[in-house]
Structures are given as structure tokens and as C-alpha cells.
Amino acid sequence: MPIQLALQPDPLEFDSDAALSRIRGEADWIGLRFVREVSHRRTVRNGHPEQSSLSLEQGAMVEALIDGQIAYASTSDLSDSGIIEAARKAAALARASAKFKVFPFSEAQRPRRTGRYVSPRRFELDFLDLAGFTDRLIEASRRLRVSDKIVTAMAQASLVDTQVRYVSSNGSDIDQQFLMVGQHFAAIARDGSNVQQRSLNGPTARCWQAGPEAFDWEHLYVECERVGREALELLEADNCPDETLDLILAPDQMLLQIHESVGHPLELDRILGDERNYAGWSFVKPEDFGSLRYGTELMNVTFNPTLKGEFASYAFDDGGNPASREHLIKDGLLLRGLGGLESQARLGLPGVANFRSAGWNRAPIDRMGNINLEPGTTPLNDMVASIRRGIYMEANRSWSIDDYRNKFQFGCEYARLIEDGRLTRVLKNPNYRGVTVPFWNSLKAVGRPEDFQAFGTPYCGKGEPNQVIRVGHASPPCLFTAVEVFGGGA
Ligand SMILES: [Zn+2]
């Protein structure tokens, strides 16, 4: 559990090298990952501060490789005896489970690497005037409340500083320092039983790697007023029709579409059958890599940990594997899965550096990082102009997808009808449904680099116990043909 602190926590000096030298003889190979995370979180609802917290979490995870089996033990006791005890626990687990191993791992899955990564930033967290910061959120909440019909005006922000140091007995030495911001501004409007939410998503409000400079308050205030007005507009809007027509998804809904129907099904541990929680298996089979037409030729999806500032950018995964941009899907063809070196070895398939842990006390597993839909060439206006009857949807509101990541049903906050090549009426309660591969094979146009927007979420859940992790998704707007849309609650 995070320790709640009233003041800036004391920076703890933990000597990872010294700790490693004390435990390196406990197994055939030993890895040590130290994580220290400081989080500021502020929530203001209807002008009243609700949460104002500063938390510190820190601890170390020891990995031991014995006779082809890797096991883990973590500790928040960072004394010599605490680290030695964790190493012995990990070694005992590895020794006991080695005779039942599913695959003989070796140092090939923990290559020797050294390097450093620092999130882009102009200012450090210390730069922040915390009292002033809360005042700004109060003002943002006030701007969202453009009418008495706005029953909830929510302004939330987080700033997280994470340091990760990874060292191993075969000479890996990796230092990564992340500075991340999260922003959530939303207005809920109500008129009787009609309740509508509108959230602010865009370059001024997103999960992003940056320092306090990411908060452009003057712009945020203007945007909050717009969001408040759009929530009111939704109260007056007609319901989305039940119809099959052309659908344009804005980047802030593409985020969810990519996450649920591309990211999760391509996780190799799901394909191996390890991961069954949270709609856990996958329709994708090992033989599909290199042959499955996932989408039309316009579909290019990358694992891209190198996009500067995107929420899940990093230089190495938590097994020390250097992270590089790779095409998962190229010109519609499925090429590569989301699996780290362990899953790649087990399946004999190419993967990426996505073996990631959710914290100091969780073992890494195959996760998404930044999964992006690469831009195309069609201006949004041209997409709209090409449609006789269609719908444009923004901002995810709800989602549901089956265990194989096949059939899905997603709801958005806000939509506009498209008639004879023009955006017309606002529509409320817009939803659409589809089946993953046919849906992506109805992709007809992909927006330009100028319209490519990056978002992130800190809430991708997976594993048992739950491991919530940060992921990033970037996309331009996209046009899909002949999609079943419907109104009402999703
Ligand atoms: Zn997820």
C-alpha cells in the first residue's frame, strides 16, 4: 500500500550494485530491479478539493534463474538482510519449480544490456507550486460548470515520478527515469433522467510523459468551457439511430478500438493460454503471424516505444530487452505479436520488448506499450465529404468484448450525423458493434500525420493479482464502412 506523506518524501539512497553483489551467488543468474515512485494526485469536484495526496512506493524485485526456471521475490525491506531474504526466497522457488518447468529458460532471455532513459521534460516536479496547482483545478472545475444543469464538474490531475534501476549478475545495468502527467476534465449534465457526460481529450488533456509544463491552464480553461457546453448540447440531442452506415472514429475513440481489438489479442501470453483473466484468450493463433489479413492495406500498427512523450515510451523492458519500433501489422498483414523474450522463445515467433511489470512487487508479463495506428493520407474533411450517410464519434464511454477478443460493442460520448458529405446534428448515446477482423477489413480511410493524436491510460488491467499498467495509443481519425450503430445505453 502507498504510504501517505504530508511532505516531500526523503529520497532514499539504495545502492543496487552493492545489493546485487550480496546476492549474486544465490542462483545461476540473479536480477535485481529497484523501483521508486512518487505520485501527486489532485481531484476537484464542483469546485471542492476532494483528494490531495502525495504517495511514495518503493521496493525491489529479485529474479533468480536456477536449472532453466526463473522465479521472483519482492521486498520493501531494502536492508541487506531484506534483500538477501528475498533472493533466497526467489532461489528456493526457482529450485522447487524447476522440475515442473514449461520451458528451459537461460540468460538468452535476460541478455546483458546497459543504458539509460529519461522522459522528456522542461521542469522537474519540484518546480510545481502545489497550492497554486489546486487553485487552477478549482478554476477548471468552475469553467466546466457552464450551467446549473452540469451536476458534476470534475478536474483531476496526477504527476508521477518513477525511477527504475535494473542490474543483473551477467552485467546488465539499466537506469530509467519517467516523469508522467495525467489529466481528466469532465462535465456531467442532467435533465431529469437524461444524463450525459463529456470529457476533455486532446493535446492539453491526456496521459503523457512530461513535467509540470504539460499543464497549459489558459487553454485548458477555454477547453473546459467547450466541454461543458457540449455536455448540455447532448441533453438536447436525438438518440443515435439503429442503422448500418459509415463510421468515422476520432483519435480518442481509436485509442480504445486499438487497445481492445488489436493490442490485447496480440499479446503472446494470451495466445499461449497463460492469460485468461479480463476477457483473456485470443482468436489469434500462432500460425496467423505472417498470414492473417487483419485489416485493409491502410492498416499499419506499430509497437512504438520511441515516440517522444508518449505515455509508455521507454528504452528497455523489465527483462532488459532494448525496445525498438516494430510493425505488428503492415499493410493489413499480421506480422508480429506482443511478447517479450520468454514468450518469443516458447512460441518461436518474433515479438517486441514488452515484458513489463506494474510495480516493484509484480513480475513482468507481456503487456502493451505504445501501440499506434500509423497515419495515412486522407484529410478528415475529405472523409466526411465522401460519406452520403454516416456518423462521426468521439470519446469512449463504454466497452465490452468477448473472451476471444472477437465480437465487440463500444459506446462513445458524443456523435455527429453525416448527411450528404456534411456534419449535421449532434447525437447522444452513440454505440457501434463489430467483429474484430471484418471490422478492420472495413477500414476505408486513415487520417493524415497532422491529425495523428497520442493518448494514454494508466488503467490497462491484466494478471492475477491484478497488474494495472500504463499504455499509450496514437492514431489519426479513421473511416470504417458499413458498421452497425445503435442508440441507447451501451
Ligand atoms: Zn487493457
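For the structure itself, look to the data block above.
Reading the values: the criteria
- Residues numbered from 1 in each chain as written.
- Predicted model: local features only at pLDDT ≥ 70, side-chain atom pairs only at ≥ 80, totals over all residues.
- Heavy atoms only, no water.
- Salt bridge = Lys/Arg side-chain N within 4 Å of Asp/Glu carboxyl O.
- Helix = DSSP H or I, 4+ residues; strand = E, 2+ residues; numbered from the N terminus.
- Buried < 20%, exposed > 50% of the residue type's maximum accessible area, 1.4 Å probe, protein only.
- Donors = N, O, S within 2.8 Å, 3.2 Å for Na, K, Ca; no water.

1. Structural notes on the pattern of salt bridges
Working definition: two side chains of opposite charge can pair if their charged atoms are close together.
Link 1 in the chain: Under the defined criterion, the tally for this structure stands at 32 salt bridges.
Link 2 in the chain: Its salt-bridge partner being Arg 143, residue Glu 139 comes within 2.7 Å of it at the nearest N-O pair. Remark: Arg 143 and Glu 139 occur in helix α3 (residues 130–144); sequence separation between them is four residues, near one turn of the helix.
Link 3 in the chain: One salt bridge connects Glu 230 with Arg 198, and the closest N-O pair in it is separated by 2.7 Å. Separated by 32 residues along the polypeptide, Glu 230 in helix α4 (residues 217–236) and Arg 198 in strand β8 (residues 194–199) bring together distant segments of the chain. Here the two residues Glu 230 and Arg 198 agree in accessibility, since each one is buried.
Link 4 in the chain: Each of Arg 198, Glu 223, Arg 226, Glu 230, Glu 394 and Glu 413 takes part in a single network of salt bridges with overlapping partners.

2. Describing the coordination of the zinc ion
Link 1 in the chain: Taken together, the protein ligands of the zinc ion are His 259 (NE2), His 264 (NE2) and Cys 460 (SG), with distances of 2.0 to 2.4 Å.
Link 2 in the chain: Considered as a linear motif, the donors of the zinc ion on their single chain read H-x4-H-x195-C. In this pair, His 264 sits in the loop between α5 (251–263) and α6 (268–271) while Cys 460 sits in strand β23 (residues 453–460), placing the two residues 196 residues apart along the sequence.

3. Overview of unusual backbone geometry
Link 1 in the chain: Each neighbour pair has its own omega, and for Glu 464 with Pro 465 the value is 0°, a cis peptide bond.
Link 2 in the chain: Note on placement: Pro 465 falls in the loop between β23 and β24 (469–475).
Link 3 in the chain: Even without being a glycine, Asn 46 presents a positive backbone phi close to 50°.
Link 4 in the chain: Of note, Asn 46 is situated in the loop between β2 (29–45) and β3 (48–66).
Link 5 in the chain: With a relative accessible area of 28%, Asn 46 lands in the partly exposed category.
Link 6 in the chain: The backbone of Asp 420 shows a phi angle near 50°, a positive value even though the residue is not glycine.
Link 7 in the chain: Here Asp 420 is to be found in the loop between β19 (407–419) and β20 (422–428).

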